[in-house]
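# Per-entry structural report
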Amino acid sequence: MGANSLKRPAAWLMRLFAVLLALLAAPLALAADAPAAKPPGDQVADYWREVRQGVPGLSQVQGAESGVLINAEGQAWRDLRNGPIKKYGGTILLAMIGVIALFYLIKGQMKLSAPPTGRKMQRFTSFERFAHWGTAVTFVLMGITGLAILFGRTVLGPLLGSEGLGGLLALGKLVHNYLGPVFLFFTILLIGAFLRDNVWQKCDAAWIAKAGGLFSGGHVPSGRFNFGEKTWFWLGVTFLGLFVAGTGLILNFPALMDRTRELMQDLVLLHAIGAVILLTLSFGHIYMGTIGVEGALDSMKSGEVDETWAKEHHEIWYDDVKAGKSGHP
Ligand code: HEM
């Protein structure tokens, strides 16, 4: 086919026809490659599979994760909360109560070895007692409502039935959410009130070496607070108290800062773990502050202690006050 023949009308027609053919054939060729349309049942199954995997879809609702219909991590979270956290949390709480009961049965109350003098010394100011009992009362209420939220279904469900339990948990959650910031306020007040008395002192080393005379029954001199109380102050009140109250505050205001569900789920778990450890430690403090040490509760109720009590439990503080010093390290 010479150069001239390509210029003929027929040839152009041929070319046009070929192009048209190609254009028409392209979609068919593409359609032939495209996977066969799935039956509607399979398409729905695929859709729900993606939804369950947490694949975000389109949604008119604004906000973080608004396109996520099912939170895939939710099941894992529920398994963790209702599994190890409840199981081990419940175990250490009950174990601590068991250890304290056993200690009380074996050692009994720590009594004064000398009779009281009848002369009183001021141990706590009214502000310190206000900060203490504000923290203690809100803490106990937070503890009860928090334990009900975590263990209520298992422990109280069989007793109260779902309606009774529902009502109690709704009330408990209300108290828990509104009292949380109040507990945080008092905890900060308490930390401020006792901070300067919880610094390290030389006598703490001897106290640690003899475990405070807890097992030997011997007398170990200490400042205004002994090392056991300082541990409760730093680990319990300050670190765990602020951690639990702080995570609780974030959980109280979910709409602030566009928080993701994932973050809130993690915070709930951390909050619960921190709270269980704090509660466990507080059992020791509450035991010592009620029946464990003779005369201890009076010190936080009236703010005064007998000189014998001060000498036997906080000898260095007693000597300082008797010497006219403040008693603060
Ligand atoms: C019903 C519960 C409670 C009782 C009966 C109780 C009793 C006492 C008593 C008697 C003292 C004085 C001890 C002494 O004279 O050395 C004391 C001190 C103290 N309590 Fe409590 N308490 C309770 C709950 C709490 C709670 C929930 C917290 C904090 C979360 C707390 C934090 C403190 C602190 C920080 C001190 C001073 C000791 C130190 O700073 O090292 N208490 N408590």
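A brief look at the structure comes next. (Residues numbered from 1 in each chain as written. Predicted model: local features only at pLDDT ≥ 70, side-chain atom pairs only at ≥ 80, totals over all residues. Heavy atoms only, no water.)

A count of helical and extended segments in the chain gives twelve helices and two strands. In the chain, the order of α-helices and β-strands from amino to carboxyl end is α-α-α-α-β-α-α-α-α-α-α-β-α-α. Computed over C-alpha atoms, the radius of gyration of the chain comes to 35 Å, more than 25% over the 20 Å expected from 2.2 N^0.38 for 329 residues, which places it beyond the range of a compact globule. Judged by the C-alpha coordinates and their principal axes, the chain covers about 130 × 50 × 35 Å. (Helix = DSSP H or I, 4+ residues; strand = E, 2+ residues; numbered from the N terminus. Rg over C-alpha atoms; globule rule 2.2 N^0.38 Å.)

So, on to helix α6 (residues 157–194). Taking 1.5 Å of rise per residue, 38 residues should cover 56 Å, yet α6 covers just 41 Å from first to last C-alpha, more than 12% shy of that figure. Roughly 80° is the biggest bend found in α6, and it falls at Glu163. (Expected span 1.5 Å × (residues − 1). Bend = angle between axes of the 7 residues up to and from the residue.)

In this section: the coordination of the iron atom of the ligand. For the iron atom of the ligand, the protein coordination sphere consists of His132 (NE2) and His285 (NE2), at 2.0 Å. For the iron atom of the ligand, the six donor atoms in the first shell make angles of 88 to 179° at the metal, so the coordination geometry reads as octahedral. Within this pair, whereas His132 is found in helix α5 (residues 126–155), its partner His285 is found in helix α9 (residues 261–292), the two being separated by 153 residues in sequence. Overall, the relative accessible area of 14% leaves His132 in the buried class. (Donors = N, O, S within 2.8 Å, 3.2 Å for Na, K, Ca; no water. Tetrahedral: all angles 85-135°; square planar, octahedral: opposite > 155°, others 65-115°. Buried < 20%, exposed > 50% of the residue type's maximum accessible area, 1.4 Å probe, protein only.)

Our next topic: the pattern of salt bridges. One pass over the structure, following the stated rule, counts seven salt bridges. For Asp197, the salt bridge goes to Arg224, with nearest N and O atoms at 2.8 Å. With Asp197 in the loop between α6 and α7 (203–209) and Arg224 in the loop between α7 and α8 (227–252), the pair connects residues that are 27 residues apart, well separated along the chain. The two residues Asp197 and Arg224 agree in class, both being buried. Linking Lys230 and Asp204 is a salt bridge whose minimum nitrogen-to-oxygen distance equals 2.8 Å. (Salt bridge = Lys/Arg side-chain N within 4 Å of Asp/Glu carboxyl O.)

Applying the stated rule across the entire model yields 13 aromatic pairs. For the pair Tyr104 and Tyr287, a centre-to-centre distance of 6.2 Å together with 80° between the ring planes defines the contact as edge-to-face. Of the two residues, Tyr104 is situated in helix α4 (residues 73–107) and Tyr287 in helix α9; the sequence distance between them amounts to 183 residues. A residue is classified by how much of its surface remains accessible, and Tyr287, at 9% relative accessible area, is buried. Ring centres 5.8 Å apart and planes at 80° place the aromatic pair Trp200 and Phe227 in the edge-to-face group. With Trp200 in the loop between α6 and α7 and Phe227 in helix α8, this pair connects stretches of sequence that are 27 residues apart. Residue classification places Trp200 among the exposed positions, given a relative accessible area of 54%. We classify Phe227 as partly exposed; its relative accessible area is 25%. Members of the aromatic cluster, connected to one another through ring pairs, are Phe103, Tyr104 and Tyr287. Between the NZ or CZ atom of Arg123 and the centre of the ring of Trp317, over which it lies, the distance is 4.8 Å. (Phe/Tyr/Trp six-rings, centres within 6.5 Å; stacked < 30°, edge-to-face > 60°. Lys NZ or Arg CZ within 6 Å of the ring centre and 35° of its normal.)

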